[in-house]
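Here's the letter readout for the chains.
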Amino acid sequence: MGWVILSDTVYLAMGLGALGAAVVPRLVFKRPLSMPMVFLAAGAVVAALPWPVPTVDPVRDRLWIEHGSELCVIVSLMGAGLALNRPFGRRAWGGPWRLLGISLPLTIAGTGLIAVLLLDWPPALALLLAAVLAPTDPVLAAEVRVGEPTDAEDDEDEVRFTLTAEAGLNDGLAFPFVLAALALAAAAGDGWSTDWFGRWLLIDVLVKIAVGVAVGIVAGRLLGRMFFRAQANALRLSEHMEGFVALGATFLAYGAAELLHGYGFLAVFVTACTIRAAERSHGYHRVLHEFTEQIERLLTVVLLFLLGGFLVADGLRTLTWQGALVAVLLVLVVRPAAGWLGLIGFAEGPREKTVTAFFGIRGIGSLFYLAYALGHSEAFEADTRQLWSVVAFTVLLSVVVHGVTATPAIRRLDRLRHSSPTPP
C-alpha cells in the first residue's frame, strides 16, 4: 500500500512540475526572480515538511545524478548552439575565446588555491573542486543567454552572445581539468609521479578536444545537408518541421564523440553551431530550438527540485563555514575578477565587461562533473559528502545571486544600448 501511495505521489508531483515549468517562466518574466529559484525553493520546502518525503542522496544515487545531469546538459548545449546566429571566426568570437583561454584557467587556479588555504585540502582534491565549479552553465543561464533563433540584432548583443558561447564551449573544455584531478590523485597514491602529465596533455587535452570538435563539424555538416538539401523529400527534414529531430542530432553527436573517446559536450555544441550555419535563416532552427528548450526546462525542474531537497535533508547540514566561504568567494570574487582580466583589451565598454564577468552561472554541469569524477576514482571517497555540500551550495548561491540580478542588469544594458546615439 505504501508503494502505491508513493507512486501516486510521484505522478502528482510530476504533473505539478510539468505545469509549473510552463507557467513559472511567464510569471517571473521581467522580474528579479528566475524559474530555477522557484523550483529550488519548492524542493527545499517539500523536504522540510513534517512528514517523510523521499529525497535524493547524491552519494547513494550517484549514477542517477550523473546521467540525469548529463542528459540535461547535452540537450541545453544543442539549444544554445542552434540559437547562435553569428558566423564562427577568431574576431567575431573574441569574447568567448578570451573567457575560455584566460578566465577559465584563472578561475580554476583561484578556486583551487582558495580550497587549499581554507579547507586544507590536498592539491588533487582542491583541483577537482575547482574543475567541477569552473564551467559556466548553459542550463540555468536563460536570462543572460541568446534567446530563440532569429535574425534580430538585439537578441544577440555582445553580452548575451559571449555568455552563451562561453557556456556552450567550456562544458567540454573543463573536462581535461577534471581528468587532471583524477590523474593527480592516482599519482599521489603512487608516490607523486609526474609521468601522468605528458599523457594528460597529449590525450586528455589535445586529442580528445580535437575528436570532439571534428565529430561536431562532421555530424553538423552531414545533418545540415540532410535537413536542408537532401534530394529525397523524406530525408529533407526541414520540410516536415518536426522538433524531436533535435534529440536525434544531440544523441548522435554525443554518442559518436564518446565512442571515439572525444568530448561529447563539445561535439554537441559544435554540431548545433554547424547545423545553424548550414542555413542560417531557415525557420526550422526555431522549431528545433523550441523543442530542446521544452525538454531542457522539464529536466531542469526535476533536477533543481531534487537539489533543493538534498540541501535541506543533508547538504546544508554537512556544509562547513569554510566550504560556504569558498562558494561565496568563487561567485562574488574569483569569477568576476577572472572574467574582467580575460576581457582586458576587448572592444566592449566597461558596463558590458562587468556584466559578462559577473554572470558566470554555476549549475547542472557542476553536478555532472562531480558525479562523474566520484564514479571514476575512489581517492576522494572520504571527502565525498563535503564535496557535494560545497558544490550544491555553490549552485544554490549562484541561482539566487544571479537569478535576482540577471533581469535588472540585462534590461538596464538594453535600455542604455538603445538610448545611445547611433554613430554617424
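The rules behind these values
Residue numbers run consecutively from 1 along every chain, following the written order of its sequence. Reporting of local features is limited, given that this is a predicted model, to residues whose pLDDT is at least 70; pairs of side-chain atoms are given and counted only at 80 or more, and all residues count toward the totals for whole chains, interfaces and linings. Side-chain numbers here rest on the full set of heavy atoms in the structure, without hydrogens or water. Strands are runs of DSSP state E lasting at least two residues, helices are runs of H or I lasting at least four, and both sets are numbered from the N terminus onward. The atom set for the radius of gyration is the C-alpha atoms, and the globule formula is 2.2 Å times the number of residues raised to the power 0.38. For every residue, the accessible area obtained with a 1.4 Å probe (protein chains only) is divided by the maximum for its type, and the residue is called buried under 20%, exposed over 50%, and partly exposed between those limits. The criterion used for residue contact is that any of the two residues' heavy atoms lie within 4.5 Å. To measure how exposed things are, a 1.4 Å probe is used in the Shrake-Rupley method; for residues, cover is taken only from the protein chains shown. Charged residues are defined narrowly, with Lys and Arg counted positive, Asp and Glu counted negative, and His plus the chain ends left uncounted. Positions of charges follow a simple convention, taking NZ of Lys, CZ of Arg, CG of Asp or CD of Glu. The length a helix should cover is 1.5 Å for every residue beyond the first. Points on a 1 Å grid, built from protein atoms alone, make a cavity when a 1.4 Å probe fits but cannot get out and make a pocket when they are open with protein on both sides within 12 Å along at least 5 of 7 lines; residues with an atom within 4 Å of a point are the lining residues. Grid points are joined across faces, edges and corners, and a volume is the space filled by probe spheres set on the points. Only Asp, Glu, Lys and Arg are considered charged in this grouping, and only Ala, Val, Leu, Ile, Met, Phe, Trp, Tyr, Cys and Pro are considered nonpolar; every other residue, Gly among them, is considered polar. When the centres of two rings from Phe, Tyr and Trp lie within 6.5 Å, Trp using its six-membered ring, the rings pair. Their planes under 30 degrees apart give stacked, over 60 give edge-to-face, and anything left gives tilted. Throughout, nonpolar core names a set of buried Ala, Val, Leu, Ile, Met, Phe, Trp, Tyr and Cys residues whose side chains join them through atoms within 4.5 Å. Surface patches are defined over residues having more than 30% relative accessible area and no salt bridge, joining like charges when they lie within 9 Å and nonpolar side chains (Val, Leu, Ile, Met, Phe, Trp, Tyr) when within 5 Å. Take a side-chain nitrogen of Lys or Arg and a carboxyl oxygen of Asp or Glu: if they are within 4 Å of each other, that pair is a salt bridge. Axis geometry follows a simple rule: fit a line to the C-alpha atoms, using only the stretch in contact for helices, then measure angles between N-to-C directions, giving values from 0 to 180 degrees. Any angle between 65 and 115 degrees counts as roughly perpendicular, while under 35 counts as roughly parallel, over 145 as roughly antiparallel, and the rest as oblique. Each crossing is labelled by how the near helix is turned from the far one, with a counterclockwise turn of less than a right angle marking it left-handed and a clockwise turn marking it right-handed.

Within the chain one finds 15 helices and 0 strands. Over its C-alpha trace the chain gives a radius of gyration of 21 Å, about what one expects of a compact globule, namely 22 Å for 424 residues. With the C-alpha coordinates aligned to their principal axes, the bounding extent of the chain is approximately 60 × 55 × 50 Å. By the burial criterion, 53% of the 424 residues in the chain qualify as buried. At a minimum sequence separation of 6, the contacts of the chain that also span at least 24 residues come to 82%. Carbon and sulfur atoms form 66% of the exposed surface of the chain, whose accessible area is close to 19000 Å². Looking at the chain, you have 31 positive and 35 negative side-chain charges, and the mean spots of the two groups are 8 Å apart.

With that settled, the discussion passes to helix α2 (residues 35–47). With 13 residues, α2 extends 19 Å from end C-alpha to end C-alpha; this agrees with the ideal 18 Å at 1.5 Å per step. Within the sequence span of α2, burial applies to Met35, Pro36, Met37, Phe39, Leu40 and Gly43.

Per the counting criterion, the structure on display carries 5 cavities of 30 Å³ or more. Considering only enclosed or pocket space, the largest cavity measures out at about 100 Å³ in volume. Around the largest cavity sit Val56, Pro58, Trp64, Ile65, Leu303, Leu306, Leu307, Phe310, Leu367, Trp388 and Ala392, which together line it. Contributions of two or more residues to the lining of the largest cavity are made by α3 (62–83), α11 (284–315) and α15 (384–419). The element that contributes the greatest number of residues to the lining of the largest cavity is α11, accounting for 4 residues. Its residues assigned to classes, the lining of the largest cavity shows 11 nonpolar, no polar and no charged.

Counting across every chain of the model gives 22 aromatic pairs. Consider the rings of Phe358 and Phe359, whose centres lie 5.1 Å apart with planes at 85°: the pair is edge-to-face. A relative accessible area of 21% means that Phe358 is categorised as partly exposed. Taken together, a centroid distance of 5.9 Å and an interplanar angle of 35° make the contact between Phe368 and Tyr372 tilted.

With that out of the way, let us pick up the nonpolar core. Counting 103 residues, the largest nonpolar core has Leu129, Phe227, Leu307, Phe380 and Leu387 as the members making the most contacts within it. Ignoring sequence-local partners within four residues, the contact set of Leu129 consists of Ala115, Leu119, Trp121, Val326, Leu387, Val390 and Val391. In terms of nonpolar packing, the next biggest core, distinct from the first, is built from 9 residues, Val159, Phe359, Ile361 and Ile410 among them.

Here we come to unusual backbone geometry. With a phi angle near 60°, Asp120 is a residue other than glycine that sits in the positive phi range. Position of Asp120 relative to the elements: it lies in the loop between α4 (94–119) and α5 (123–133). Not every positive phi belongs to a glycine, and His261 is a case in point at roughly 65°. Note that His261 resides in the loop between α9 (245–259) and α10 (264–278). Classification of His261 by relative accessible area gives exposed; the value is 58%.

Taken together, Arg351, Arg411, Arg412 and Arg415 make up a surface patch of like positive charges. The greatest single-element share of the positive patch, amounting to 3 residues, is contributed by α15. We classify Arg411 as partly exposed; its relative accessible area is 37%.

We now examine the packing of α3 against α9. Pairs of packed helices are described in terms of their axes, by the angle between the two and the distance that separates them. Contact geometry of α3 with α9 gives a least axis separation of 10 Å together with a crossing angle of 115°. Taken as axis vectors, α3 and α9 run roughly perpendicular relative to one another. Both α3 and α9 take part in a crossing whose hand is right-handed. Across from Glu70, Leu71, Ile74, Val75 and Met78 in α3, the residues of α9 making contact are Ala246, Leu247, Ala249, Thr250, Phe251 and Tyr254.

Turning to the environment of Leu311, a few remarks are in order. Relative to the helices and strands, Leu311 resides in helix α11. Given the relative accessible area of 4%, Leu311 is considered buried. When the C-alpha atoms of Leu311 and Tyr284 are compared, they prove to be 40 Å apart, with 27 residues separating the residues in sequence. Beyond its immediate sequence surroundings of up to four residues, Leu311 is in contact with Leu316, Ala392, Phe393 and Leu396.

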